[in-house]
Every structure is written in structure tokens, then in C-alpha cells.
Amino acid sequence: ERKAINFDLLTSKTIKSKRIGLSKNDIKDSFLENLFFHIGRVPKGATIMDYYQALAYTVRDRVFKEFVTTVKRISDEDLRVVAYLSAEYLPGPHLANNLLSLGITEQTAAAMAELGIDMEELILQEEEPGLGNGGLGRLASCYLDSMATIGIPSIAYGIRYEFGIFEQHIKNGLQEEYTDKWLQYGNPWEVVRSEIGYNIMFGGSTKHVTDSNGNFTVNWIPDSKLRGTAYDTPILGYKGYGSILRLWRAEAIDTFDFSAYNKGDYYKAVQEKILSENITKVLYPNDEQETGKELRLKQQYFFVSCSLQDLIRLHLLQGRILDTLHEKFAIQLNDTHPAIAVAELMRLLVDDYQIDWDKSWNITQRCFGYTNHTLLPEALEKWSIPLFRRVLPRHLEIIYEINHRFVQELKYQHGCSDEQLSRMALIDHSGEGSIRMAHLATVGSHKVNGVSALHSELLKKHVLYDFAQLWPDKFCNVTNGISPRRFIALSNPLLTGLITETIGSGWLTDLKELSKLENMAEDPTFQNKWMAIKQTNKASLSDHIKLETGISVDPSMMFDVHVKRIHEYKRQHLNVLNILHLYLQIKKGNNKDMIPMAFIFAGKAAPGYFMAKLIIKLITAVGDLINQDTEVNDKLKVIFLPDFSVKKAQHIYPAADLSEQISMAGKEASGTGNMKLSLNGALTIGTLDGANVEMMEEIGMDNFFLFGLNAEEVQHKKQGNYKPGDHYVHNLHLREVMDFLISGALSPENPKLFQPIYEQLLYDDPYMIMADFESYLISRAKVYEEWGNQSNWTKKSIINVARMGKFSSDRSIQDYSSLIWKIDSFQNRP
Ligand code: OAK
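This structure is a prediction, so every number in the text was calculated from the model and none was measured.

What counts and what doesn't
- Residues numbered from 1 in each chain as written.
- Predicted model: local features only at pLDDT ≥ 70, side-chain atom pairs only at ≥ 80, totals over all residues.
- Heavy atoms only, no water.
- Helix = DSSP H or I, 4+ residues; strand = E, 2+ residues; numbered from the N terminus.
- Rg over C-alpha atoms; globule rule 2.2 N^0.38 Å.
- Buried < 20%, exposed > 50% of the residue type's maximum accessible area, 1.4 Å probe, protein only.
- Contact = heavy atoms within 4.5 Å.
- Areas by Shrake-Rupley, 256 points an atom, 1.4 Å probe, with all protein chains shown as cover.
- Lys, Arg positive; Asp, Glu negative; His and termini not counted.
- Charge placed at Lys NZ, Arg CZ, Asp CG, Glu CD.
- Pairing = 2+ DSSP bridges.
- Near = heavy atom within 4 Å.
- Polar contact = N/O pair within 3.5 Å; in protein donor to acceptor, adjacent residues only side chain to side chain.
- Nonpolar A, V, L, I, M, F, W, Y, C, P; charged D, E, K, R; others polar.
- Domains from an automatic or database assignment.
- Axes fitted to C-alpha atoms, helices over the stretch in contact; angles between N-to-C directions.
- Parallel < 35°, antiparallel > 145°, perpendicular 65-115°, else oblique.
- Left-handed = near helix turned anticlockwise from the far one by under 90°.
- Disulfide = S-S within 2.5 Å.
- Salt bridge = Lys/Arg side-chain N within 4 Å of Asp/Glu carboxyl O.
- Patch = residues over 30% accessible without salt bridge, like charges linked within 9 Å, V, L, I, M, F, W, Y side chains within 5 Å.
- Expected span 1.5 Å × (residues − 1).
- pLDDT = per-residue confidence, 0-100.
- Buried area = accessible area lost by both parts, 1.4 Å probe.
- Right-handed = clockwise from strand over helix to strand, strands pointing away.

Engineer: Help me understand the overall build of the protein in this model?
Structural biologist: Of regular secondary structure, the protein possesses 34 helices and 22 strands. Relative to the globule expectation of 28 Å for 830 residues, the C-alpha radius of gyration of the protein, 28 Å, shows essentially globular dimensions. For the C-alpha atoms alone, the extent of the protein along its principal axes is close to 90 × 75 × 65 Å. A burial count over the protein gives 60% of its 830 residues as buried. Intrachain contacts of the protein at a sequence separation of at least 6 include 76% that bridge at least 24 residues. Carbon together with sulfur atoms contributes 51% to the accessible area of the protein, which is approximately 32,500 Å² in total. Positive and negative side-chain charges in the protein, numbering 90 and 103 respectively, have mean positions lying 3 Å apart.

Engineer: Explanation requested: the sheet that holds strand E18 (residues 597–602) in the structure shown.
Structural biologist: Where strands meet in a sheet, backbone hydrogen bonds hold them as pairs that are either parallel or antiparallel. With parallel pairing, six strands are arranged side by side in an open sheet as E19-E18-E17-E20-E21-E22. This sheet does not close on itself; its edge strands, each paired only once, are strand E19 (636–641) and strand E22 (705–706). With six bridges connecting them, strand E17 (residues 558–563) and E18 associate as parallel partners. Opposite Phe559, over in E18, you have Ala598 as the bridge partner.

Engineer: Please explain the site of the ligand as it appears in this structure.
Structural biologist: In the region of the ligand, 17 residues are neighbours, and Glu288, His373, Asn480, Glu668 and Gly671 sit closest. One nitrogen or oxygen atom from the main chain of Leu136 is found 3.3 Å from an oxygen atom belonging to the ligand. Between the ligand and Gly671 there is a distance of 2.8 Å, counted from an oxygen atom to a backbone nitrogen or oxygen. Protein coverage of the free-state accessible area of the ligand, which is 450 Å², stands at 97%. For the shell around the ligand, the class distribution of residues is five nonpolar, eight polar and four charged. Per-domain counts for the shell around the ligand show at least three residues from each of domain 2 (78–93 + 128–479 + 815–828) and domain 3 (485–807).

Engineer: Can you help me understand the side chain of Asn480 in this one?
Structural biologist: Within the fold, Asn480 resides in the loop between strand E16 (475–477) and helix H20 (484–490). In this structure the side chain of Asn480 is engaged in a polar contact, spanning 3.4 Å, whose partner is the side chain of Tyr143. Every residue in contact with Asn480, bar those within four places of it in the chain, is listed here: Leu139, Tyr143, Val451, Ser670, Thr672, Met675, Phe807, Arg811 and Ser812.

Engineer: Help me out: how do you make sense of the packing of helix H10 (residues 294–317) against helix H12 (residues 341–352) in this one?
Structural biologist: The geometry of a pair of packed helices is captured by two quantities: the angle between their axes and the separation between those axes. In the contact formed by H10 and H12, the axes pass within 10 Å of each other and the chain directions differ by 45°. The orientation of H10 with respect to H12, classified from their angle, is oblique. Viewed along their axes, H10 and H12 form a crossing whose handedness is right-handed. Along the contact surface, H10 presents Tyr301, Val304, Ser305, Leu308, Gln309 and Ile312, while H12 presents Ala341, Glu344, Leu345, Arg347 and Leu348. Among the residues forming the contact of H10 with H12, the class breakdown is seven nonpolar, two polar and two charged.

Engineer: Looking at this model, I keep getting lost on the state of the cysteines. Mind explaining?
Structural biologist: Put plainly, a disulfide is one covalent bond tying together the sulfur atoms of two cysteines. Inspection of every chain in the model, using the stated rule, returns zero disulfides. Residue Cys306 stays outside any disulfide, its sulfur separated by 18 Å from that of Cys367, the closest cysteine. By relative accessible area, which is 0% here, Cys306 ends up buried.

Engineer: Just checking my understanding: could you explain the pattern of salt bridges for this structure?
Structural biologist: Enumeration according to the criterion identifies 50 salt bridges in this entry. Residues Glu190 and Arg160 are paired through a salt bridge, measuring 2.8 Å at the closest nitrogen-oxygen approach. Remark: Arg160 occurs in the loop between strand E2 (154–159) and strand E3 (167–171) and Glu190 occurs in the loop between strand E4 (174–178) and strand E5 (191–202); sequence separation between them is 30 residues. Since its relative accessible area comes to 13%, Glu190 is described here as buried. We note a salt bridge from Glu786 to Lys796, for which the minimum N-O separation is 3.8 Å. One end of the pair, Glu786, is in helix H32 (residues 769–787); the other, Lys796, is in helix H33 (residues 790–802), and 10 residues separate them in sequence. There is no split in this pair, since Glu786 and Lys796 are both buried. Among the charged side chains, a salt-bridge network with shared partners connects Arg193, Asp232, Arg246, Asp310 and Arg313.

Engineer: It is not clear to me how a nonpolar patch on the surface should be interpreted in this structure. Could you clarify?
Structural biologist: A grouping of Phe36, Phe37 and Val42 is seen on the molecular surface, where their side chains present a nonpolar patch of about 340 Å² in accessible area. Here Phe36 shows up in helix H2 (residues 24–38).

Engineer: What's the story with H10 in this structure? I'm lost.
Structural biologist: For an α-helix the count is 3.6 residues per turn, leaving residues at separations of three or four pointing the same way. Given a rise of 1.5 Å per residue, 24 residues ought to cover 34 Å, and the 34 Å separating the end C-alpha atoms of H10 matches this to within 8%. Residue Gly319 follows H10 closely and has a positive phi angle near 80°.

Engineer: Where do I start with unusual backbone geometry in this structure?
Structural biologist: Glycine aside, residues mostly have negative phi, and peptide bonds are mostly found in the trans state. For Asp78, which is not a glycine, the phi torsion comes out positive at approximately 50°. Positionally, Asp78 belongs in the loop between helix H3 (48–77) and strand E1 (81–85). Positive phi is not limited to glycine here, since Asp643 has a value of about 60°. Position of Asp643 relative to the elements: it lies in the loop between E19 and helix H25 (646–652).

Engineer: Just checking my understanding: could you explain the environment of Asn480 for this structure?
Structural biologist: On the basis of relative accessibility, which here comes to 4%, the residue Asn480 falls in the buried class. For the pair formed by Asn480 and Ile27, sequence separation is 453 residues and the distance between their alpha carbons is 37 Å.

Engineer: Mind showing me how you'd approach the confidence of the model for the protein here?
Structural biologist: When pLDDT is low, close inspection of the predicted coordinates is not appropriate. Confidence in the prediction of the protein, expressed as mean pLDDT, is 96, and 98% of residues score 70 or more. Overall fold confidence (pTM) sits at 0.97, and the ipTM for the predicted complex is 0.99.

Engineer: Please clarify how the domain arrangement of the protein should be interpreted in this entry.
Structural biologist: Bring the parts together and some accessible area is lost; that lost area is often taken as the interface size. With domains assigned, the protein is organised as domain 1 (18–77 + 103–126), domain 2 (78–93 + 128–479 + 815–828) and domain 3 (485–807). Spacing between the C-alpha centres of domain 1 and domain 2 amounts to 35 Å. Taken together, the contacts link 19 residues of domain 1 with 22 residues of domain 2. With both chains or domains summed, domain 1 and domain 2 bury close to 1,900 Å², and 66% of this area falls on carbon and sulfur atoms.

Engineer: Just checking my understanding: could you explain the pairing of strand E20 (residues 658–661) for this structure?
Structural biologist: Here is the key point about a regular strand: its side chains alternate between the two faces of the sheet. With burial as the criterion, each face of E20 is covered, one bearing Leu658 and Glu660 and the other bearing Ser659 and Gln661. Bridge analysis of E20 against strand E21 (residues 683–686) gives four bridges, and the strand direction is parallel. When the sheet's bridge partners are listed, Gln661 is paired in E21 with Gly686. The handedness of the E20 to E21 crossover, carried by helix H26 (residues 673–679), is right-handed.

See below:
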């Protein structure tokens, strides 16, 4: 008991202190103090990076105040807490977001201006933490933002990758990968908690022992151990509460082996340190494509074990017993990457705390919820049993035991057939045998959810069919959402200003209030302001494009935007086929009424994904052909913006006129880029896939360009005798485009370059591009028609924004809280 340090004393003093004051002068004083004492510079010798860092520390102090206050409340009121487990996060740059959350953007800019510093320039210095691949990681960060905004007590756990998602360079039209060095200038947003660390074991064997009292225990004798240390980043909600992102870094327990050193083996003396640190070195850059690599399994287990040990520590620290763990924590598994948590919690409870199996299993199931983010078979995680045994021998035994009990239950309580048993088991016996992680997560959780209405239905119908039959109440849907703070307030300040001046500022925390804009949709003055803002945002993106690629884009063109990971199911190549069609029409002189269009692509391909990389090459090859051809380039431009990131996304979304959401129906679990673009006033051309379905329901068919087969039709066609070549034969436009693709005109130096795409489309076409081509063109014709009437287009753009209320991540978090976590927000508490 350190009575002298009284929290109230501390806060009341600090609240008065300049160190966390929110006035312009307090911010200025703190900034100078940080520059001097923290960075060790006087303004004369300081670099722009020094300034950025000084400002970051200044803001961090203020964030900490809010964070500490929230933590105290959770502890004092002994509140139930969400523990979000995710192998990926994509928070985007912190500085501007924290300024927004604290409500101090203006006074900070003014404080900097008085010192002759342009705050915007400092904001641009920040390297964002690229600790994720795409949708799944960004969703986790939107959810953190919302939990902190609404006031859902939460802690998010993950991995502090030293190297995040690779930097994408485009050379010769091809993707090249470079290391992401996000930590090279340090990271002012995190604090290392050296005292918070856990030992993690790997490999070895187990010993089953019965002591003299007849008690049975299992000892795991590992062949290596390392330590996970906590690095905390405080997360501040919008004018709200604090949360925390706790990331684990792997370190050696003994960083130096003196006996090896003394024997002269200098390499071996530091070898353990190097091997240990490898675990959190680098993010696997695969998006919905499994690697099955040992290091990846170690990463997953490492962060899960650290996180669960941390939760247990926090629980016991509050003076509670482990029997009540599920009452105090709702642990959410963000896909199966953390699913090993089910076995690890059982190990901790049964082996380390000697709680009997049934009780432990009850606690475990009541703690976990599992969110599935994909139906793609190649993304469903499986771990080979020999590999698993080598890395986690005790967990294999535990999984066998869970499986055994589960199979018994199926057989004797539910009378399942052998076929059902083998479909549902946690173990797949084919080949060398493997563990089905989605089954482990489903069996070990009390709730399983998909991420859009359609996806949740398909999950129950296909991937987890038997489980949904067995436990219908376990399954639910939580449609994804996005943070309006990051994806409009921060990224589109002009539109945010106009909306706030029209309907007040409540919409930023209650997105449904956007519906008040409907009244304005036909108001010519409002429309003009709306259009002018879009134009300004397009001009700004156009400058950026010029800077990055050297290509000039006229901001009066229609900006047709297709930005997301590059994947065959997302069908960037369907978009390209249409571009080639337009190109050929112009070349034939059929371009009288053609609307000038800039096609803007961005996105990374997994380094080992041949077709995705070839699609990037195809986009850039088409760009090279078109952008230089003076017969065409006043009507068409094709841009590939390299190195898509949260920062880049924030620049692109506000400038979009048309949003491409054209995945094959049944493949995109939800999509969130669709929501971000629509919230910024783009109209969508899309299929009935993922959350597009619900977006169209909200926005209305008249304000949405729908095309293509639906999921059921896709399924039906696949089961039938789908012949993509028939479409080639019957559709003249498609034939022209395909012939052009294989003609060699796109790659004279290597005429067969695109043959793999050509052949796949013509003879296999797993993503039904040939089947959807005609429908896509028909829908695009409607786009052109509507674009012709700019006032009408603008009306639709306003309506799109007005009807996006449902897609706030605040709503998603409220759904999780009421359906799955059963946690009340601070706001609803006295
Ligand atoms: C990545 C790796 C494994 C499994 C899923 C993913 C993933 O990123 N899935 C994406 O999750 C997003 C958030 O739920 C969805 O919006 C995307 O549709 C989905 O592809």
C-alpha cells in the first residue's frame, strides 16, 4: 500500500498542470518542454522529425490522462472487460486521430503556427504501424476506436511485429517488396512495460504423473523458453474513454550465454537472443491464404499465451478466483489466428491451476467468442499434426481430449452418423493429419459470428453447416462497420465541415443522424457546395498522383476507384477487361459521348501469389498503353498508386466518384472499403456480395449500380456445367477484349505474359468473370447515363451518405456488446 500516492491527489494536481492542459499556451509550453527535455534539442538545431516527436509526446501525455482515468474506473467499479485477440491491427497514424479525439486540433495548430511550424507537415512525418494485411486488421482498429468512444471497457492484444506489412514499390509495372521499418525513428506512442512479461514454452515433451495422493498431473518439459514483454499504446475514443493496445514482443530470457562466451563461442553466446527475437520479427504478408509455417504457429501461440496469462494476472490481482474468469472477461477471437487460445486456456486452468477438466471447459467456453472473416477454403487454417506436435506437444494432447469428448457427445447424445463425426471432428485424418482451427474455435466458444448478413448465412449453410444444425443458438451475425472519426472526420475535413454546419456534430458519435441530410439532397445550393468539395478532394488526389507516378489526371474526370488487396476473387481483372473494352471502342472511333474517366487502383498482392502479381502487371501495362496514347488519354487514364496503406486510403476515399465492389458473389465476407467510399459520397457499382447487400438495402436500388450473379446463382452455375468459353463465343465485346489480351499488344517484349490470365478465364474461370462481364457493362452504361446529369448524381451522392448510418463501427460494437459480450458501456452506467 503506497498511501502517499493518492490517485485523486495525482489527478487533481495533474489536471491543473500545464503538462496536460488543453489550451493553446499549455500545448505550446509542453511542446517546448518535450523538445528540450525529451528529445534533447533547442528549436535551432531541431529537425522536422524532432518536432514531430515532441508534439507526439505532448499529445501522448494528454491521452494518458484519459486512459489512466478509464483504467481506474474499470478497477474501482470492478467492470466486465472485453479482451480482443487479434494477430493484426492497422491503426493508421495516431497523431491526427488523437488530436481529434482530444478535441484540440485547432489550438494545437495555432500553437505550432506561433512557433512557425506547420502542424500538417508534422502529421505527415508519422510512419503508420502496418501490423496487418488488410480488412481484418483495419476492422480490429475500427473496433478499438469504437469501444473507446462508446465506453466499453476493453483491452486489445496482439503482436508487436518489428517489420510490418512490406512496402510496395512498382518497378517496370511489377510489385517489389521492401522491408517496412516503422520503428526506425522510435515510436513515441508506445510505452514498454518491462515488468509485464511472461515466459512462453515451446517443443519438448510431456510427462503424465500421479503423485502419492493419487492426484494426476501433466508436466510439460519444453525444449525452449522465451519471454514476451508488453508494449502498450493508449487508444483514445472520440471525446470519450481510453482503451489500450497491448502488443507483445519476444525476447530471450537470458540474453547472453556466459558459458558459451567463456568457451570462446561468441556466436552461440547470443544465438538464443537472436532465435527468440525472431518470433515477433515480421508479419506474414498473406491475406486469406495459409502458409502452414512453423514460425507462424509460434507467433500465434506466443501472443495468445502472453495475453491469457496477462488476463489471469489481472483477474487474480483484483482478488478474484479463476472460477469467475468468464464473468469478468469476454475474450473475442478475431478469426482463427488466436484460436489456439481455447487449448491454452484449458492448459493454464487444468495443468497450472489444477482446476478439473469439466469446470475448466465450462469457463473456457463461456469466455470465448469467435468471429469468422472468410469462407475461402484456402484461408481456413489447418495445422499439420506432426508440426503441431513438435511445437506444442501438450496442446496436441489437450486438443485430442477436447476432440474425444466432443465426438463422444455427438455420438451418444446426438446420435450423429460416422460421416457427420468425421466432418465435424477437430482432427482431419487425411494425409499426415491436421487440426481444423475453425472447428476448435467453434467448439470452444459460446458464440460464433459472421461479418455480414449474407456471410453469416453462408457460414451456417456451408463451412460450419453441421455445427449450426447442432447449436443453432450459437450462431449470430454482426455486420462490420467503420469508424466515422477516421474515415470521414479525419480524412475528409471539408465534407465533415459541411455536414456539421448543416446538421450539427452529433452524427460523429451517432451516425444515424446523417439521415437528416436527406432533406438537403435536392437543394441546389447544398448540392453545389457538395460538388465543390468533391472537386477539391479530387484535385488534391490528382496532385498526389502526379507526385507519385508522374501521371497527370484531370480532376474533372470521373474518378473510378478500386482499392483493396489484390485477389482474384475481388476481380480487379474484371475492371481491367472493361477498361480494355473502352480503349478498343475509342480506337474504333466509337467515343462520341464517352465520359472521361480515371481508373484508380491500389492494393498489395501477397508476395507468393503469382496471379495477383500478374494482375498488378496487367493494370500497369494497360496504364502504360493508355496514358501515353494521345488518341485516348483525354478520355481515359489508368493509375496504379503504389503502397496502399491507411494513410493513402484516407487520401483516396474522399476523392472517389465511383466505388468498385465487384467481387464474385459469395466470396467477400463483408468488405469495409465499400462503406468507407460510400460514406465519402461515392456511388457503388457492385455485386450482391458481403455487406454490399445490406448497403443496397439501406441506400436503395435507385442509388446503387447492381450487377452480376448472386451467390445462389454462382453456386448453381458451379454445380452445373459452367463453360466460360460460351460467353466468349456469344459476346462480341468480350471476344474483342480477350483477343486483345492475348495479342501481345500489352507486352510486346513478352507477348505471352498474360497468357495465364487469358487461359484461366477462358477454360476455368473460378471467379465467373466471363459470366458477369456483360452484366457489368450494362450496369456501367447506367453509371454513364447518371453521371451525365451532375445534379442528379450529386443528389444520389448525398443520399448515399445520408443512409450510411448503419455502417458505423459504433453500431457493430453495440451489437457485439449486446449479442455476445453482455457488457454495458460506461454511458449506460450510473
Ligand atoms: C485475412 C486472413 C484470414 C482470414 C480472413 C482475412 C480477412 O482479411 N478477411 C476480411 O475481413 C474483413 C473484415 O471482416 C472483411 O471485410 C473482408 O471481406 C474479409 O475478406
